[in-house]
Amino acid sequence: MGENKEPVTPGDPTVDMVDEKQEVSQPEERQLAVELRVVECMGPWFMRYIQEKDAEFHHCEVEEVQAEECVIENDDTYLKSLDPKLWKNQDHYAVLGLQKYRHRAPDALIRKAYKQKVLQHHPDKRCSTGKIDISNDYFTCITKAWEILGTKEKRRAFDSVDPEFDNTIPYDNENVRKNFYDVFGDIFERNARWSEKKMVPKLGGPDATKQEVDNFYNFWYSFESWREFSYWDSEAKESGQDRDERKWIEKQNKADRAKKKKDEMSRIRRLVDLAYSMDPRIVQFKIEEKERKLAAKKAKQEAAREKAEELKRAEREAEERLRLEKEKEEAEERAKAEALKAERDAEKRIVKKERKKIRDICKANQHFISNENDLVHHMTVLEKALTIYGKTQLIELTKSLETKGKNGFMEMMTAIEQLSEKERRQDEGFINKQNSAQSNDSKGGSSVWSKEDVQILIRAVNLFPAGTVQRWEAVTNFINQHNNGLPEPRIIRNKKEVLAKVKELQNTSSDLLKETINKNAYDSFEKEKKASLNVTSEASERVENNVSVAPWTSEEQKLLEQALKTYPSGTSERWDKVAECVKSRSKKECMLRCKELAEIVKAKKAAQASKTGGSC
């Protein structure tokens, strides 16, 4: 084995391991020596592969003809018509009689043709015809033809500008389009001889695949030509007198060659562009590509539409599910509300029945009085008990009155008076705390404003709005007139104190103040009523557990006024019907609101009467 042999990669089909030698470099190591052997590819499948490759490509190598089979032509007329001074314009192949073979003629044939022409046309052979001027004789053209074609570089330069080569490009017309493959197939095959690469793809036919067509045009758009134009140099480099002149001549020649080379590449590019624009396969491929893109776009739009529909469907399902859940919840709430309403109605009926029964029992027993002076007190306590007690307590009271009689009534009165006393003490404690806070915050020793005083002040301010003549005098008179029923000591207010308190109230939250006043509006009213009836001071304010403390809205006020007009005084169960009209208020709330409005109207009339009397 030689030292330059390289190890073979396992599985390489071009070599075969044939000789194995065991060489021991170390006691426990063995090495395999191999010999490279070239394997020649052959067989039907390899031949088929080669044939398919040949069918797809042009072979740019010159297919030379056999010199023994060639016939050298003799055209003496053409030779005698040549001018030795214009040797560059002559067809050197025609001069040697090789016009049919041209660039395919082998060197041996050119040499043979030159020798034959020399034997036929040498001046020594033609001396018998007369004197011959060697400098102007056509034999010089034969010598030049041999000089050009006999030298490889010069022959290549002449072949590059072969006068018989067709450089034309067809025009875009109907005939060319109709015979596209024949016309352009010949043109590309003819121009393939200039390719630097030996394997040039063929134009193909209408059945060519897109890959084959793309390969063909990619090759020609990046075409590399070996064609050069030194044959047409305007002046030979050797004709220069010195080195600078020769350099200048070479520079000019290079510039001319570059220009001609650029024109040649432009010609090839125009040819390829024209073929590409007229190729029916390209047109078909573009149509197919457009259809493919359109189909892909439609598929994408369809997918987007389906996705949008799926989202809408999911949204509809979610909305439907939420709607059903909401309807179910509403149905459950409605059922609960109806059940609660039915329960309340049943309870109201029972309460109403029990109240009527209790009133009948008390009425039948003269309210269990010992003398006539106790009648009002017993009636007041009874009404308060009927207002405070719920269903269970009313039933127990009925049983107590039926079984115990007067003793049951007296037990009820004791319980109500204890409850009133407890509430009175709680209210007194609250008022004392409030008065203490107000006394700490008051300035200059002014009198303390109680809860009832503040309520009367607010009522007066609402009765006499801004713009009223002598407004604050009227407000002061109203307060002094309506504090008669308040606990002692009675305080007479002046205009200055009223203005100071109004300013103080303006700095506080009016909503909170109104809410506090509304909560205790009925209590104040009950106190005034008790004072007018000479009720003992032990009777505390009336407690209404079922009365809402929320202020009346304008809508509720309108409904109440309309219900009072619809059901005038004397109507059977008037207040039950009024309460049904004002859904958000109970019967007791409607009664209290009506009494409060009547009191306000009464106070207005009194204020106006006072004002009129003062002016007189």
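Cut-off values and rules
- Every chain's residues receive numbers from 1 upward, in the order its sequence appears when written.
- Local features in this predicted model are restricted to residues of pLDDT 70 or higher, and side-chain atom pairs are both shown and tallied only at a pLDDT of 80 or more, whereas totals for entire chains, interfaces and linings draw on every residue.
- Hydrogens and waters are ignored; side-chain quantities use all the structure's heavy atoms.
- By convention a nonpolar core is built from buried Ala, Val, Leu, Ile, Met, Phe, Trp, Tyr and Cys residues, the set being connected through side-chain atoms within 4.5 Å.
- Each residue's exposure class comes from its accessible area (1.4 Å probe, protein chains only) as a fraction of the maximum for that residue type: buried when under 20%, exposed when over 50%, partly exposed otherwise.
- Strands here mean DSSP runs of E at least two residues long; helices mean DSSP runs of H or I at least four residues long; both are numbered from the N terminus.
- Between two residues, a contact is recorded if the distance between any of their heavy atoms is within 4.5 Å.
- Between Lys or Arg on one side and Asp or Glu on the other, a salt bridge is scored when a side-chain nitrogen of the former is within 4 Å of a carboxyl oxygen of the latter.
- Note on geometry: axes are C-alpha line fits, over the in-contact stretch for helices, and angles between N-to-C directions span 0 to 180 degrees.
- By definition in this entry, angles of less than 35 degrees are roughly parallel, angles greater than 145 are roughly antiparallel, angles of 65 to 115 are roughly perpendicular, and the rest are oblique.
- Throughout, the ten residues Ala, Val, Leu, Ile, Met, Phe, Trp, Tyr, Cys and Pro are labelled nonpolar, Asp, Glu, Lys and Arg are labelled charged, and all others, Gly among them, are labelled polar.
- To estimate how far a helix should reach, multiply one less than its number of residues by 1.5 Å.
- The directions considered for the arc are those from the helix axis to the C-beta atoms.

> Hey, could you run me through the nonpolar core in this one?
Considering soluble globular proteins, one finds that nonpolar side chains tend to be buried as a cluster. Membership of the largest hydrophobic core comes to 27 residues, with the highest contact counts inside it found for Leu96, Leu98, Leu109, Ile142 and Leu149. Among the secondary structure elements, those contributing two or more residues to this core are helix H3 (92-95), helix H4 (107-121), helix H5 (139-149) and helix H6 (152-160). Ignoring sequence-local partners within four residues, the contact set of Leu149 consists of His92, Tyr93, Leu96, Ile110, Arg155 and Phe158. Formed by 26 residues, the second largest nonpolar core is a distinct cluster that contains Phe165, Phe180, Ile268 and Val272.

> Would you explain the pattern of salt bridges in this entry?
Side chains bearing opposite charge may pair, as long as their charged atoms lie close to each other. All chains considered together, the criterion is met by 36 salt bridges. The salt bridge involving Glu310 is made with Arg313; its shortest N-O contact spans 2.2 Å. Of this pair, Glu310 and Arg313 both sit in helix H11 (residues 280-364), three residues apart, roughly one helical turn. On the basis of relative accessible area, Glu310 is assigned to the partly exposed category, the value being 41%. Given a relative accessible area of 33%, Arg313 falls into the partly exposed group. Across the salt bridge formed by Glu320 and Arg323, the nearest N and O atoms sit 2.2 Å from each other. In this pair, Glu320 and Arg323 are both assigned in helix H11, three residues apart and thus about one turn of the helix distant. Classification of Glu320 by relative accessible area gives partly exposed; the value is 36%. A network of salt bridges, in which partner residues are shared, links Lys352, Glu573, Asp576 and Lys587.

> What should I look at first to understand the packing of H5 against H6 in this one?
In a packed pair of helices, the relevant descriptors are the angle between the two axes and the axis-to-axis distance. Across the interface, H5 lies against H6 with an axial gap of 6 Å and an inter-helix angle of 100°. Taken together, the axes of H5 and H6 are roughly perpendicular relative to one another. Contact with H5, carried on its side by Glu147, Ile148 and Leu149, involves Lys154, Arg155 and Phe158 of H6 and no other residues of that element. Looking at the contact of H5 with H6 residue by residue, the classes come out as three nonpolar, no polar and three charged.

> Which parts of the structure should I look at to understand helix H13 (residues 391-404)?
For an α-helix the count is 3.6 residues per turn, leaving residues at separations of three or four pointing the same way. Here H13 contains 14 residues, and its C-alpha end-to-end distance of 20 Å stays within 8% of the 20 Å for a straight helix at 1.5 Å per residue. Along H13, the positions that sit buried rather than exposed are Leu394, Leu397, Thr398, Ser400 and Leu401. Along the long axis of H13, the arc covered by the buried residues comes to 165°, so they all point the same way. Residues of H13 that are exposed and point more than 90 degrees away from the buried face comprise Thr392, Glu396, Lys399 and Thr403. Among the residues trailing H13, Gly405 stands out with phi positive, at a value near 75°.

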